[in-house]
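# Fold and contact review
What follows is each chain in one-letter form.
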Amino acid sequence: MHPTYRHIFPLLLAFILLLPSCMPARRIPEGQYLLNRNRIVLEDTELDPIQLRNYVRQSPNRRILGFYRFHLNMYQLADRGKETRLKRWMKNTIGEPPVIFDPALANQTSRQFELFLHNKGYFNAHVDYDVNTRGKRANVVYTLTGNTPYTIRHVDYTIQDSQVAAFVYSDSLQSLISSGDRYDADVLQQERRRLTRYLKEEGFFNFSRDFIFFQVDSTLNQNQLDLEVIINNPRARTTTPADSVIPHKRYRINKVFVYPEYSRLAPIQQYSDTTVFKKTNDTEDKYTFLHNGPMRLRPKTIANNIFITPGEFYNIDKVEQTYFTLAGLRNFRFVNLNFTEAAKASHTGGDSLGLLDVRLELTRSPSNAISIEAEGLNTAGNLGIASNLVFQNRNIFRGAEILNLRFKGALEVSGESANQQVFQRLPFNTAELGVDVSLDVPKLLLPFSLERFSQAARPQTTILAGINYRQRPDYTRYILNVSFGYQWQSNYRHQHQFNLLEISSIKIFNDSILQSRIPDANPLILSRYRDHLIAGMKYNYTYTTQQFEKKTDFVYFRSNLEIAGNLMYLAGRQFDLSLNEDNSYTLGGIPFAQFIKADADFRYYRVFDENNTLVFRIMGGMGLPYGNIDVMPFIKSYYGGGANSVRAWSIYNLGPGGYHETEELRFDKYGDVKLEANIEFRFPVYRYWHGAFFMDAGNVWFLKKNEQFPGGEFSATRFYREIAMGAGVGIRLDFNFFLVRLDAAFPLRNPALASGERWIDGWPGFNQWNFNLGIGYPF
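It should be emphasised that the depicted structure is a prediction, and the values quoted were computed from it without experimental measurement. (Residues numbered from 1 in each chain as written. Predicted model: local features only at pLDDT ≥ 70, side-chain atom pairs only at ≥ 80, totals over all residues. Heavy atoms only, no water.)

Here the focus is the packing of helix H3 (residues 70-78) against helix H4 (residues 85-94). Close contact between H3 and H4 brings their axes to 8 Å; oriented N to C, the two are set at 155°. By the angle class used here, H3 and H4 are roughly antiparallel. Crossing hand, H3 versus H4: left-handed. Between H3 and H4, the residues in contact are Phe 70, His 71, Met 74, Tyr 75, Leu 77 and Ala 78 and Lys 87, Met 90, Lys 91 and Ile 94, respectively. Here the contact of H3 with H4 is built from residues that sort into seven nonpolar, one polar and two charged. (Axes fitted to C-alpha atoms, helices over the stretch in contact; angles between N-to-C directions. Helix = DSSP H or I, 4+ residues; strand = E, 2+ residues; numbered from the N terminus. Parallel < 35°, antiparallel > 145°, perpendicular 65-115°, else oblique. Left-handed = near helix turned anticlockwise from the far one by under 90°. Contact = heavy atoms within 4.5 Å. Nonpolar A, V, L, I, M, F, W, Y, C, P; charged D, E, K, R; others polar.)

Our focus in this paragraph is the sheet that holds strand S6 (residues 224-231). One open sheet accounts for three strands, arranged S4-S6-S5; its pairing is mixed. The open sheet has two edge strands, strand S4 (151-159) and strand S5 (212-217), and neither has a second partner. Pairwise comparison of adjacent strand axes, ignoring direction, gives a mean angle of 20° for this sheet. Sheet analysis places S4 next to S6, joined by eight bridges and oriented parallel. Within S6, the position partnered with Val 155 by the bridge is Leu 227. Along the sheet, helix H6 (residues 162-170) contacts S4 and S6; its crossing angle with S4, the most-contacted strand, is approximately 150°. Against the sheet, helix H7 (residues 185-201) engages S5 and S6, with an angle of about 145° to S5. (Pairing = 2+ DSSP bridges.)

All right, on to the pattern of salt bridges then. Going through the model one piece at a time under the given rule, you end up with 37 salt bridges. As a salt-bridge pair, Arg 197 and Glu 201 come within 3.4 Å of each other at their nearest N and O atoms. Of this pair, Arg 197 and Glu 201 both sit in helix H7, four residues apart, which is roughly one turn of that helix. Residue classification places Glu 201 among the partly exposed residues on the basis of a relative accessible area of 23%. The residue Lys 507 makes a salt bridge to Asp 531 at a minimum N-O spacing of 2.9 Å. With Lys 507 in strand S18 (residues 494-510) and Asp 531 in the loop between helix H11 (523-528) and strand S19 (532-544), this pair connects stretches of sequence that are 24 residues apart. For Lys 507, a relative accessible area of 37% corresponds to the partly exposed category. Since its relative accessible area comes to 18%, Asp 531 is described here as buried. Within this structure, Arg 558, Asp 599, Asp 601, Arg 603, Arg 617, Lys 674 and Glu 676 form a network of salt bridges that share partners. (Salt bridge = Lys/Arg side-chain N within 4 Å of Asp/Glu carboxyl O. Buried < 20%, exposed > 50% of the residue type's maximum accessible area, 1.4 Å probe, protein only.)

Following this line, the structure appears as structure tokens:
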């Protein structure tokens, strides 16, 4: 490429980024300094400087990637010359005024640091700050000297209520505070919340953290203190003297009333029918349903998702589980639990025992719904549009079973023969039509009872059947899918999906152009475009530590294991099924695949603040064909490149291994093995606009050697030399519920080139950049 054009794109990018900072800005007044950086130095402490960031009262202007002050530069660019509407918009929206160092705010920061250190047990801490100026910039260094912290010598309890005391003492091993620990006010608050939660789990319905106090004696003069945990009793709500107290009541559940047709518009409604349902033979274990006419939802379905049991002590855990599982039925738009104290017989317990009546109010969602959905598609990197017509019945068999009937139509741009169009004047070359029906049952459909499996795990059985038609320029195919599987979760972090049966029948009609391009001697390519049948089972496990209510670091892990064809292969050998010309067993004239496939995807999200995140990802997978067919089905193979993979290559154009493609043999590239790693820094730019810098690495390989793909097979001694690498920049429109992104990337290392020429030897020209339009984050 001509050198004049080779550097146009990078020079233009540098010009846009550096122009504001190169132009003269409005001068900072004499005696004032632009706050450049804050630095926190900790001495004689065990604390993490990250904990102190929120206490800084004055922060420098925002930086992108830690060095470029984009928003300040935009402000300076607009803050010169005659003011115009555009400049005013740049200053007030994108721009950020310079942060001038303020000694008063630095003093406030020092005071906040001292209070923080005191709360962490450093009662003799000292905080000072120094201002280092260079030119018109100020760097502030805060030095925090903790000195010797105070530790807890003794922990004593003063509990007025003997019943509460018995529970607290029995749970003392779970306490967050103990002798020898450094004093920490935050830990005391955590212990306060823990004790409150624990007592509410043990029946103390009215207990709150306002009854718990801590008294500290730090006069020992040995950098030690004594801590007293005080739990007071509630005051009597009568005309007795103000200092009279009563014991804490421990409550049992008395009666549970369920209103399955509750209306918030008519809360005081009369009900003519009463149904009593019992889970067990226990006389107390019954639920009273108040309704009018036949119940649309069976009482058993609702009762099985209520964890509050008459006769048992109140437990806040079971209350939350009841909310969680009833909402998971997707049949109620409103779920509410009311607890009222019930009168008890004079001979049942004393003042320390109470009874609660429970009122469960359920407002049902409409049973039937029809919706029209519009989608933006990013199917394995192929962009397109789709529309769905969905009919849903949320209670088809009166057990909260959800029936979905979906009609789908889609248009996409595929990677192969993209210049051909399905419809005139539309930029699409792939059309898709499909219909599927699914049934979600809110329990595990098993031939035996699984009594120990709790409804709190939100078990679900899904039955699905569908047919899909897809027309591409090079082939047309039909897929018939049938699946039967289970879903459940151990808790909100651990999710499981096990499809006991997955059947896919693929019928392919090759275009004459495609047939003419497939070499007869290459079964690897030919088998990917032949009819085949897949029948097997699949297990998926997902783990995440993400907390949606908090912006903190978290990890995400997903793994899959899929096995197919074994039972049919055994049946073929047992019953002597017919063999085709490739010596493969067939069913209905279609050979069935036999393979095992496993992959794992790990991600770590480093959240610096609400807007800036650094994401690390590593992924690996392998599919091993054997037995009936020695090639992986193409829909189960791995691919590289595209908007969600190594973005410096377009989809299906990376690999396999070190194979160098020729003009005579151009096909979508797949593999049996995939390794991939990514790193991406995400940051805000302006309102909905966000940016990203990223680097990707990875490739795909075949397991077996193929003469027409030299260098495409996986080798343990060579694969690391065949890792492709790319880097780039992205811009995103993030509307929270919907995200569109454009990523531009260029190759850093191309394994398809000769051994000594794989690394980039200069800044890439414009035609070496690969642009990917995607929907949603890549990971």
